[in-house]
Amino acid sequence: NTSTDSLSQQVDSLQKVISQLSNKVGATEEADLDQQIWKDRAKFFSIGIGKQTLTDMDVDGVKWDSELAISMLWGRTYYFPKKAWFGMLKLGIDFAWMDMSYAKYKDFSETEMQPTGGTYDWGSGYPGYYEEDDDDLDLGVWQAEYAMRLGPSITINPVHHLKAGLYAHFVPTASAISMNDEVNVTFVPNFAFGGSIAWKMISVGFEGRWGKAKYNSFSVDDEGTDSWYDEGEGSLDDVVTSEKSRLKTKQFRFFLTFRF
């Protein structure tokens, strides 16, 4: 009986040791998985392509549609709390130190001006309306922007490495717009809202971005230029004219993100 009791105690002790080791292994595996899902996927780099529109708010119905709109984004998400709620949910603060975008718009010469409910679309079927002098400066119609981002996000991790999230960002932007012989520059307080689905380091998603501002517009005065060259008179103020223009931008894009 004494021998049997001693053997039972040894078996119980061995079972306790095995249970403790199993708990330690499970905790280590859980910590490793948490590290891979959240901490190792905090930084992000994304490239996007989509559709963008530019609207002149001073002239009713004047709007440009993009034929090309691309973007590049680089930043980081700071997740909290340390332990996910319900084992799957975390909030985040997204900060992007580089958000660059470029859009090439259809020029007036490529669209037709047609009445549509009291407004106008610009396009190629209105011959001669925008015939350009070969001597005129023509930079094309495009928009280039550099921005930073800051805003909240929410991410859910329902199973293994699968994650889904939504975010809302404030996007302070330095914007430059070329309209043939006119250049427009200003600071624009843009806003963005989007969502994504990720598996490990690869994520795909969508985003809407919008903003409006009063731009400083600069253009070259042909008459002032002629006076400058032909008569040797005039000043830079006579050649370059400036005014204010109210412009609004809307963008919808899809993006591919790499998290690391």
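For the structure given in this document, a descriptive report is provided here.

**Considerations on empty space enclosed by the protein**
So, step 1. In total, this model carries two cavities of 30 Å³ or more according to the counting rule given.
So, step 2. Approximately 360 Å³ is the volume found for the largest cavity.
So, step 3. Forming the boundary of the largest cavity are 28 residues, of which Asp94, Tyr167, Ser196, Phe255 and Arg259 lie nearest the centre.
So, step 4. Broken down by secondary-structure element, the contributors of at least two residues to the lining of the largest cavity are β1 (43-56), β2 (63-85), β6 (141-159), β7 (162-179), β8 (182-199), β9 (202-220) and β10 (240-259).
So, step 5. Its residues assigned to classes, the lining of the largest cavity comprises eleven nonpolar, eleven polar and six charged.
So, step 6. What the second largest cavity holds in volume is close to 30 Å³.
So, step 7. If you trace the second largest cavity, you find it lined by Gln52, Glu145, Asn190, Arg209, Trp210, Gly211, Thr249 and Gln251.
So, step 8. Those elements that provide at least two residues to the lining of the second largest cavity are β9 and β10.
So, step 9. Of the residues belonging to the lining of the second largest cavity, the class tally is one nonpolar, five polar and two charged.

**Describing the environment of threonine 53**
So, step 1. Within the secondary structure layout, threonine 53 lies in strand β1.
So, step 2. Residue class for threonine 53 comes out buried when judged on its relative accessible area of 17%.
So, step 3. Sequence separation between threonine 53 and tyrosine 105 is 52 residues, and the spatial gap between their C-alpha atoms is 8.1 Å.
So, step 4. In this structure threonine 53 touches Lys63, Trp64, Asp65, Tyr105, Lys248, Thr249 and Lys250, once residues within four positions along its chain are discounted.

**Some remarks on the environment of phenylalanine 252**
So, step 1. Looking at the element boundaries, phenylalanine 252 is found in strand β10.
So, step 2. Accessibility expressed as a relative area gives 40% for phenylalanine 252, which makes it partly exposed.
So, step 3. A C-alpha to C-alpha distance of 5.4 Å links phenylalanine 252 and lysine 51, two positions 201 residues apart in sequence.
So, step 4. In contact with phenylalanine 252, not counting residues within four places along its chain, are Gly50, Lys51, Phe206, Glu207 and Gly208.

**Structural notes on a nonpolar patch on the surface**
So, step 1. Judged by side-chain polarity, Ile154, Leu166, Phe170, Phe187, Phe191, Phe193 and Trp210 come together as a nonpolar surface patch covering roughly 670 Å² of accessible area.
So, step 2. Listing elements by their share of the nonpolar patch, those giving two or more residues are β7 and β8.
So, step 3. If you tally residues by element for the nonpolar patch, the top one is β8, at three residues.
So, step 4. Along the chain, isoleucine 154 falls in strand β6.

**Examining the packing of aromatic side chains**
So, step 1. Applying the stated rule across the entire model yields seven aromatic pairs.
So, step 2. Their ring planes at 50 degrees and their centres at 6.2 Å tell us that phenylalanine 95 and tryptophan 97 sit as a pair that is tilted.
So, step 3. The class for phenylalanine 95 is partly exposed, based on a relative accessible area of 29%.
So, step 4. Look at tryptophan 97 and you get partly exposed, because its relative accessible area is 33%.
So, step 5. Pairwise contacts between aromatic rings join Phe45, Trp74, Phe95 and Trp97 into one cluster.

**Observations regarding the side chain of glutamate 207**
So, step 1. Among the secondary structure elements, glutamate 207 is positioned in strand β9.
So, step 2. For glutamate 207, a relative accessible area of 2% puts it in the buried group.
So, step 3. A polar atom in the side chain of glutamate 207 sits 2.8 Å from the side chain of arginine 149.
So, step 4. Excluding residues that lie within four positions of it along the chain, glutamate 207 makes contacts with Arg149, Tyr167, Ala192, Phe193, Gly194, Gln251, Phe252, Arg253 and Phe255.

Calculation notes
- For every chain, the first residue of the written sequence is number 1, and numbering continues from 1 along that sequence.
- Side-chain atom pairs in this predicted model are given and counted only at pLDDT of 80 or more, local residue features only at pLDDT of at least 70, and totals for whole chains, interfaces and linings cover all residues.
- To get the side-chain values, all heavy atoms of the structure are used, and hydrogens and water are removed first.
- In this analysis, the protein atoms alone were mapped onto a 1 Å grid. Cavities are point sets where a 1.4 Å probe fits without being able to get out; pockets are open sets with protein on both sides within 12 Å along at least five of seven lines; lining residues have an atom within 4 Å of a point.
- Grid points are joined across faces, edges and corners, and a volume is the space filled by probe spheres set on the points.
- Only DSSP runs of H or I with at least four residues qualify as helices, and only runs of E with at least two residues qualify as strands; both kinds are numbered from the N terminus onward.
- Amino acids outside the nonpolar list (Ala, Val, Leu, Ile, Met, Phe, Trp, Tyr, Cys, Pro) and the charged list (Asp, Glu, Lys, Arg) are all regarded as polar, and Gly is one of them.
- Per-residue accessibility, obtained with a 1.4 Å probe over protein chains only, is compared with the maximum for each type, and a residue is labelled buried under 20%, exposed over 50%, and partly exposed between these values.
- Note on contacts: a residue pair is in contact if any heavy atoms of the two residues lie within 4.5 Å.
- Note that patches include only residues with greater than 30% relative accessible area and no salt bridge, and the join distances are 9 Å for like charges and 5 Å for nonpolar side chains (Val, Leu, Ile, Met, Phe, Trp, Tyr).
- The Shrake-Rupley method, run with a 1.4 Å probe sphere, supplies the accessible areas, and residue values consider only the shown protein chains as cover.
- When a carboxyl oxygen of Asp or Glu lies within 4 Å of a side-chain nitrogen of Lys or Arg, that pair is called a salt bridge.
- What counts as a ring pair is set by centres within 6.5 Å for rings of Phe, Tyr and Trp (its six-membered ring), and what kind of pair is set by the plane angle: stacked under 30 degrees, edge-to-face over 60, tilted for all other angles.
- In protein, a polar contact requires one atom able to donate a hydrogen and another able to accept it; more generally it is a pair of N or O atoms within 3.5 Å, and residues adjacent in sequence count only if both atoms are side-chain atoms.

Read these as layout, nothing more, since geometry by itself doesn't imply function.
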